[in-house]
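Residues per chain, in single letters:
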Amino acid sequence: METIPTANDPAPASRLDLVPGLRPLVVSAPFGNYIQPEGCTATLGTFTAAARPGRLWRILKTVRYYPRLRAWVNKIGLRNPGIGWVEQKAAAGTIDLSDKLVSVHGFEPDDWWRLLDAIAALKPMGVELNMSCPNVGHIAWPEALFERAVATGVPVVAKLPPVNYHLMGEQARGAGVRAFHACNTLPVTAGGMSGEPLKPVALTAIRDLRTRAWGRDALVIGGGGIRRAGDVDDYAAAGADAFAVGTITMNPWLLVSHARVRPLLAAAAAAQKVKNQK
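Overview of the structure.

Basis of the calculations
Each residue is numbered by its place in its chain's sequence as written, counting from 1. For a predicted model such as this one, the threshold for reporting local features is a pLDDT of at least 70, and the threshold for listing and counting side-chain atom pairs is 80 or more; totals across whole chains, interfaces and linings nevertheless cover every residue. Hydrogens and waters are ignored; side-chain quantities use all the structure's heavy atoms. We define the nonpolar core as a collection of buried residues of types Ala, Val, Leu, Ile, Met, Phe, Trp, Tyr and Cys that are connected through side-chain atoms lying within 4.5 Å of one another. The rule is simple: take the accessible area with a 1.4 Å probe, protein chains only, and divide by the maximum for that residue type; under 20% is buried, over 50% is exposed, in between is partly exposed. Where helices and strands are cited, they refer to DSSP runs of H or I of at least four residues and of E of at least two residues respectively, numbered from the N terminus. In this description, contact between two residues means that some pair of their heavy atoms is separated by no more than 4.5 Å. At least two bridges found by DSSP between two strands is the condition for calling them paired. Interaxial angle, 0 to 180 degrees, is taken between N-to-C directions of lines fitted to C-alpha atoms, where a helix line uses only the stretch in contact. Salt bridge, as used here, is a side-chain nitrogen of Lys or Arg placed within 4 Å of a carboxyl oxygen of Asp or Glu. The pairing test for Phe, Tyr and Trp rings, Trp by its six-membered ring, is centres within 6.5 Å, and the orientation test on the planes gives stacked under 30 degrees, edge-to-face over 60, and tilted for anything in between. Criterion for a charge above a ring: Lys NZ or Arg CZ within 6 Å of the ring centre, and within 35 degrees of the ring normal.

The next subject is the nonpolar core. The biggest cluster of nonpolar side chains holds 66 residues, and the ones touching the most others in it are Leu25, Leu129 and Phe243. When residues in this core are grouped by element, the largest group, 7 residues, is from helix H3 (residues 109-122). Not counting the four nearest positions on each side in its chain, leucine 129 is found in contact with Val104, Trp112, Leu116, Leu145, Phe146, Ala149, Val156, Val157, Ala158 and Lys159. Among the nonpolar cores identified, the runner-up in size contains 13 residues, and Leu16, Leu22, Leu219 and Ala244 belong to it.

In structure tokens, the structure reads:
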């Protein structure tokens, strides 16, 4: 049975206000670790409870571009320095989390509790629960995950898989989660596929969740295959409130100039302005 929003859920002036400070254009993890254009919200991570070394080797070994599909495939498997690295950087004052989302994933319940304790202390703009990465095995989560995530006091975003997301969405919404990211990469034999093939799947998911009681009034970050302003418009028409870019940022030139992102920034801001006027 679907969870129906209750009278205890106040209606914000803009759904973006459900994650205060969130910008209309979001740079997804892991790209937000490196590319942080002005006017965007960067997503750091994905971080796990313990460090998972070997990122460079996994990138060289598994990341492939398929030009005929305009798609990227990777099997990196959430290689990262661990949440302790974030805590050290924050304590040293070398990283500011107040305007960033932090993406986390736990392999075991104790991992999740460790991560959420850290999030409660770090107080980032928001925490993204990345439970749907196809490169880390079966999608599962502890029974109390969403309740404990909400209890941190940090706005929570649940990152949905491209398919079979209804149970996750219902349970998250029932626990008080009011923001969703649709969606994660497509599971394929070689890993997770992103880029243009993901776009029609993500759009279908967003249209569907807008018909569900748990998704009707939620903040939805839509992403997958966004390369140009017209893609932003397509996501806005499907029901997205904010727009996530990922593989388009896989360009070393963006470390020097963010000009490639500016048309998307303008389109995202324009789409949000139209939504606020309705």
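There's plenty left to go through after this.
Attention shifts here to the sheet that holds strand S9 (residues 186-188). What the 4 strands build is an open sheet, ordered S3-S4-S10-S9; its pairing is antiparallel. Edge positions in the open sheet fall to strand S3 (64-66) and S9, since each of these has one partner strand only. Each strand of the sheet is rotated relative to its neighbour by a mean of 35 degrees, with strand direction disregarded. Looking at chain direction, strand S4 (residues 71-74) and strand S10 (residues 191-195) are connected through 4 bridges and run antiparallel. In the sheet register, tryptophan 72 faces S10, and the bridge partner there is serine 194. Strands S3 and S4 of the sheet are contacted by helix H1 (residues 55-62), whose axis makes an angle of about 30 degrees with S3. Against the sheet, helix H6 (residues 198-209) contacts S9 and S10, and its axis sits at roughly 85 degrees relative to S10.

What follows deals with the pairing of strand S8 (residues 179-182). Neither face of S8 is exposed, since Ala179 and His181 on one face and Phe180 and Ala182 on the opposite face are all buried. Of the pairings in the sheet, the one linking strand S7 (residues 156-160) to S8 comprises 4 bridges and is parallel in character. Following the sheet pairing, alanine 158 is matched in S8 by phenylalanine 180. Across 4 bridges, S8 lies against strand S11 (residues 219-223) in parallel orientation. Across the sheet, the residue bridging to histidine 181 is isoleucine 221, located in S11.

Inspection of the entire model under this criterion finds 12 salt bridges. Note that arginine 173 is salt-bridged to aspartate 217, the shortest N-O span being 3.6 Å. Taken together, the positions of arginine 173 in helix H5 (residues 166-174) and aspartate 217 in the loop between H6 and S11 put the pair 44 residues apart, joining distant regions of the chain. The partly exposed category is assigned to aspartate 217, whose relative accessible area is 25%. Here arginine 228 makes a salt bridge to aspartate 231, at a shortest N to O gap of 3.8 Å. Here arginine 228 falls in the partly exposed class, since its relative accessible area comes to 41%. Note on aspartate 231: relative accessible area 5%, which makes it buried. Each member of the salt-bridge network shares a partner with another, and the members are Lys199, Arg228, Asp231 and Asp234.

Geometrically, a pair of aromatic rings is defined through the distance of the ring centres and the angle of the planes. All chains considered together, the criterion is met by 5 aromatic pairs. Ring centres of tryptophan 141 and phenylalanine 146 lie 6.0 Å apart, and the angle between their planes is 55 degrees; this geometry places the pair in the tilted category. Residue classification places phenylalanine 146 among the buried positions, given a relative accessible area of 1%. Relative to tryptophan 214, the ring of tyrosine 165 lies with its centre 6.5 Å away and its plane at 65 degrees, an arrangement referred to as edge-to-face. Taken as a pair, tyrosine 165 in the loop between S7 and H5 and tryptophan 214 in the loop between H6 and S11 lie far apart in primary sequence, 49 residues in all. Among the residues examined, tryptophan 214 registers a relative accessible area of 0% and is labelled buried. In this structure, arginine 148 is placed above the aromatic ring of tryptophan 113, and the distance from its NZ or CZ to the ring centre is 3.9 Å.

Let us now look at the sheet that holds strand S5 (residues 101-104). What the 8 strands build is a closed barrel, ordered S1-S2-S5-S6-S7-S8-S11-S12; its pairing is parallel. On average, each strand axis in the sheet is inclined to that of its neighbour by 25 degrees, with strand direction left out of account.

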